[in-house]
Amino acid sequence: MSFSNLKEIYKQIILEHSKYPHNHGIIDSQYKLEMLNPSCGDKITISMNIEDNIISNIKFVGTGCSISLASASMMTNELKGASIEEAQEKINNFLNMIMGKEFDKNLLEDSIALENISKLPARVKCATLGWKVTEKILNNKERDIVE
Ligand code: ZN
């Protein structure tokens, strides 16, 4: 498979997630946070349930560009069912990929489709928004809803 085909597949995966987002919605939970990416106008709200150190459910709602929505959709898929430590490792790994640093492909599922965003600096904040919201919740056990 040539590189250009692979990129086409990546585009398809991103498009699918932005059109038909997974885990879309809001959970009535104390673990809920909204963040903004002012450079593009993206807004993502993440809510989750944490039971026995496991992310038992995670959902998102948002408005913005297809990269930010697709990335949040992929993230919810990949972190649902993970322990807090596993989720933090996956988030760090994803952020490393987007920042063009070394990363472990085995820790990624559909989100590997965003690999080339590292070459598009203007879109980095779009791709990382949902993951950063979740990171903040996990690090701080955020209880406030920013509106
Ligand atoms: Zn964006």
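Criteria and thresholds
Residues numbered from 1 in each chain as written. Predicted model: local features only at pLDDT ≥ 70, side-chain atom pairs only at ≥ 80, totals over all residues. Heavy atoms only, no water. Helix = DSSP H or I, 4+ residues; strand = E, 2+ residues; numbered from the N terminus. Buried < 20%, exposed > 50% of the residue type's maximum accessible area, 1.4 Å probe, protein only. Areas by Shrake-Rupley, 256 points an atom, 1.4 Å probe, with all protein chains shown as cover. Lys, Arg positive; Asp, Glu negative; His and termini not counted. Charge placed at Lys NZ, Arg CZ, Asp CG, Glu CD. Donors = N, O, S within 2.8 Å, 3.2 Å for Na, K, Ca; no water. Contact = heavy atoms within 4.5 Å. Core = buried A, V, L, I, M, F, W, Y, C linked by side-chain atoms within 4.5 Å. Pairing = 2+ DSSP bridges.

**Student:** Report on the overall build of the protein chain, specifying residues and quantitative values.
**Tutor:** The secondary structure content of the protein chain amounts to four helices and three strands. From first element to last, N terminus to C terminus, the protein chain shows the α and β order α-β-β-β-α-α-α. In terms of its C-alpha atoms, the protein chain occupies a principal-axis envelope of roughly 45 × 30 × 25 Å. Out of the 147 residues belonging to the protein chain, those deemed buried represent 45%. For the protein chain, the exposed area adds up to about 7700 Å²; of that, 49% sits on carbon and sulfur atoms. Here the protein chain holds 17 positive side-chain charges and 20 negative ones, and the gap between their average locations is 6 Å.

**Student:** An account of the coordination of the zinc ion is needed here, citing residue identities and associated values.
**Tutor:** Only C40 (SG), D42 (OD), D42 (OD), C65 (SG) and C126 (SG) from the protein coordinate the zinc ion, and they sit 2.1 to 2.7 Å from it. On the primary sequence, the residues serving as donors to the zinc ion are separated as C-x1-D-x22-C-x60-C. Exposure remark for C40: the relative accessible area of 36% places this residue in the partly exposed category.

**Student:** Talk me through the environment of M97; I want residue IDs and the actual numbers.
**Tutor:** Note on placement: M97 falls in helix α3 (residues 84-98). Given a relative accessible area of 1%, M97 falls into the buried group. Leaving out residues up to four positions away in the same chain, M97 has contacts with F103, L108, S111, I112, L114, E115 and S118.

**Student:** Would you mind going over the nonpolar core in detail, with residue names and values included?
**Tutor:** Grouped together as the largest cluster of nonpolar side chains are 40 residues, with contacts concentrated most on I46, M48, I67, F94, I98, L114 and L138. Going through the elements one at a time, α1 (3-19), β1 (31-37), β2 (42-51), β3 (54-63), α2 (66-79), α3 and α4 (124-140) are the ones with two or more residues in this core. Look past the residues within four positions of L114 in its chain and what remains in contact with it is I14, I67, S71, M74, F94, M97 and I98.

**Student:** Got a sec to walk through the pairing of β1? Specific residues and values, please.
**Tutor:** Looking along a regular strand, one sees the side chains alternate between the two faces of the sheet. Of all seven residues in β1, five are buried; the element is thus mostly enclosed. Bridge count between β1 and β2: seven bridges; the pairing is antiparallel. Across the sheet, L33 pairs through a bridge with I46, a residue of β2. Joining the antiparallel neighbours β1 and β2 is a turn of four residues, in which G41 adopts a positive phi near 90°.

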